[in-house]
Amino acid sequence: MNLTIALLSIAALVVVATAAGLLLRRRDGRARTVDSAEVVDPRRLGADALGEEATLLQFSTEMCTRCPGVHRMLGEVADNRDGVRHLDVDLTHRPDIAQHFRVLQTPTTLVLDRRGVVRTRFGGTPGRAVIELELDTLQKEAARA
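The following refers to the structure shown. (Residues numbered from 1 in each chain as written. Predicted model: local features only at pLDDT ≥ 70, side-chain atom pairs only at ≥ 80, totals over all residues. Heavy atoms only, no water.)

Points about the environment of Asp41
And step 1. Tracing the backbone through its elements, the reader meets Asp41 in the loop between β1 (31-33) and β2 (54-60).
And step 2. Of note is the side chain of Asp41, whose polar atom sits 3.2 Å from the side chain of Arg43. (Helix = DSSP H or I, 4+ residues; strand = E, 2+ residues; numbered from the N terminus. Polar contact = N/O pair within 3.5 Å; in protein donor to acceptor, adjacent residues only side chain to side chain.)

Laid out in structure tokens, this is it:
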């Protein structure tokens, strides 16, 4: 009887852990629209300015294995677009910034508009096509304004 209860408990834990893992994997790298009025101050991040059209703000840590690849990809996207800047902030020794922006995983990428307002948030590794689409959307909105 005790063996049956133990086996059922283990099976239940495996099911819960698997479901949690699948949920986290599904959310990884997906764009989430942010409804924020906060304007990001680049000086707080150690930068002199934001991009004229948009800023790709990446949060990384020293131990993050996916961060260098995301850094390269975001840098290439920014280099290929006029007015877009890529900023990479290392949170290893800046828990204040991690707490302020509610960063729970690295890499985390924020897409800021020309005013520095957070428009989109990516937890995990974003795809290049999704980043490009977000920048296209910002560009169209700016052209209409």
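Some words on the packing of aromatic side chains
And step 1. Summed over all chains, the structure comprises 1 aromatic pair.
And step 2. Between Phe59 and Phe101, the aromatic rings sit 5.2 Å apart at their centres with planes inclined by 40 degrees, giving tilted as the arrangement. Placement of Phe59 in strand β2 and of Phe101 in the loop between α3 (95-100) and β4 (108-113) is noted, with a sequence separation of 42 residues between them. Per residue, the accessibility class of Phe59 equals that of Phe101, and both read buried. (Phe/Tyr/Trp six-rings, centres within 6.5 Å; stacked < 30°, edge-to-face > 60°. Buried < 20%, exposed > 50% of the residue type's maximum accessible area, 1.4 Å probe, protein only.)

Overview of the layout of surface pockets
And step 1. By volume, the second largest pocket is sized at about 240 Å³.
And step 2. Lining the second largest pocket we find 14 residues, and of these Glu53, Arg114, Leu138, Gln139 and Ala142 sit closest to its centre. (1 Å grid on protein atoms, 1.4 Å probe; cavity = no way out; pocket = protein on both sides within 12 Å on 5 of 7 lines; lining within 4 Å. Points joined across faces, edges and corners; volume = space filled by probe spheres on them.)

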